[in-house]
Amino acid sequence: MLNCEPLLQWYFFHKRDFPWRTQVYVNPNDWIYQTWVCEVMSQQTLISVVLPKFKKFITELPNIAALANCSDDLLRYLWSGLGYYARARNLRNGALFILKHYQGQFPKTKKEWLQIPGCGEYTSSIITSICFSEIVPAIDGNMIRVASRLLGLKEHVWEKQGAQKIAQFMETIMQNYFSSKDPTINASPGDFNQAFMDLGSMLCKKNNPECRLCPLQNSCIAFKKNIVELCPPVKPRNATQSEQVFVLVFINKQTQSYLLVERNSGFLSKTLGFPLFAQKDGFSLQSILKNFSPSSVKMTTLQKTFQHQITHHKITGFVTLLESNWNEKKISEFSHSVSLPNKMQWTPLAELKKQLSSSLDQKVLKALS
């Protein structure tokens, strides 16, 4: 059975310095709340991007009540640049759920956290292991890589049988460690999970792993068999789909403001940004622009396109500026022909960056500048 002591010793000496790990909290609820926020922010987002956003988010929304009552505009602003905006909405929905069903008190078990909007297996496990010492493994990509090398798994890792084998392995060594009557190191289940994650991030990396520094080297089957680079096998990826979108930037010449809409469908649903139309929905730049008269609207299509990628969609964006003395009637006529979202607003240039919540819209703004 795996000896976890060397790993935990390594972790307490080398662990990554994150504010939610090192800060001393007077109120335990603040600790739980911030752990939850940081874990949701960190999903599919680089930690270097998360850190400044996390600090700003916590300053503006310091507790669960503030999050639950947060406006759409503020939530979009605070999440801007993190991508996958649905996570922010789920976070707020989760806060509302906890206020309604738990009277604002955080639940203590993985089973309860799984009922909260946006909380899956990993999020529920990491929160309860860190904050409530529940003995449950929090299996993320780093832990899968470490476990697959410890077990010498070269195949089936990304299939159901491989996932079950890794989950059972981690649960067994975790249960054995914490059922020991006299563990040498005073570690919590949260420390255990984070130790494996930090090991995977810092030493047991996907490429060029630093096996000579690994505290688990003597227990690693992949190292002993010289197959570290083969474990785990490359994860199958969905084929990348190339798509085109056409972004319209309405500029009101009288007020020097820009039209933003709240999208109600597509991969940017529920985000506030420039009107955009996808080629896959039957639109072309020509079919859109035919709705405008050159005599009343100055149309400028930028020469340079922008690139954006989300999951397995590779997007090429075309930006067209539409300058005119826009009024409600003109916008309504265009909206009728292409079905613009009902919720829209005119925003001054100085406020655009604050209002735009998606990284795609930020790229459009950069193209404008």
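Please refer to the structure higher up on the page.
Residues numbered from 1 in each chain as written. Predicted model: local features only at pLDDT ≥ 70, side-chain atom pairs only at ≥ 80, totals over all residues. Heavy atoms only, no water.

Undergrad: Can you help me understand the overall build of the protein chain in this one?
TA: Helix and strand content of the protein chain: 17 helices and eight strands. Dimensions of the protein chain along its principal axes, counting C-alpha atoms only, are 80 × 50 × 30 Å. By residue count, 46% of the 369 residues in the protein chain fall in the buried class. Taken as two groups, the 42 positive and 27 negative side-chain charges of the protein chain have centres that lie 5 Å from each other. (Helix = DSSP H or I, 4+ residues; strand = E, 2+ residues; numbered from the N terminus. Buried < 20%, exposed > 50% of the residue type's maximum accessible area, 1.4 Å probe, protein only. Lys, Arg positive; Asp, Glu negative; His and termini not counted. Charge placed at Lys NZ, Arg CZ, Asp CG, Glu CD.)

Undergrad: I would appreciate a short explanation of the packing of helix α10 (residues 141-151) against helix α12 (residues 189-202) in the present structure.
TA: The angle between the axes and the distance between the axes are what describe a pair of packed helices. In the contact formed by α10 and α12, the axes pass within 8 Å of each other and the chain directions differ by 85 degrees. Put simply, α10 runs roughly perpendicular to α12. Facing Asn142, Met143, Arg145, Val146 and Leu150 of α10, the residues of α12 in contact are Asn193, Phe196, Met197, Leu199, Gly200 and Ser201. A per-class count over the contact of α10 with α12 returns six nonpolar, four polar and one charged. (Axes fitted to C-alpha atoms, helices over the stretch in contact; angles between N-to-C directions. Parallel < 35°, antiparallel > 145°, perpendicular 65-115°, else oblique. Contact = heavy atoms within 4.5 Å. Nonpolar A, V, L, I, M, F, W, Y, C, P; charged D, E, K, R; others polar.)

Undergrad: Just checking my understanding: could you explain unusual backbone geometry for this structure?
TA: Across residues other than glycine, the phi torsion is negative in most instances, and most of the peptide bonds are trans. A cis amide bond, omega -10 degrees, links Cys231 with the succeeding residue Pro232. With respect to the helices, strands and loops of the structure, Pro232 is situated in the loop between α13 (221-224) and β1 (241-252). Of note, Ser133 is a non-glycine position whose phi angle comes to about 55 degrees, a positive value. Among the secondary structure elements, Ser133 is positioned in the loop between α9 (121-132) and α10. Unusually for a residue other than glycine, Asn226 sits at a positive phi of about 60 degrees. Of note, Asn226 is situated in the loop between α13 and β1.

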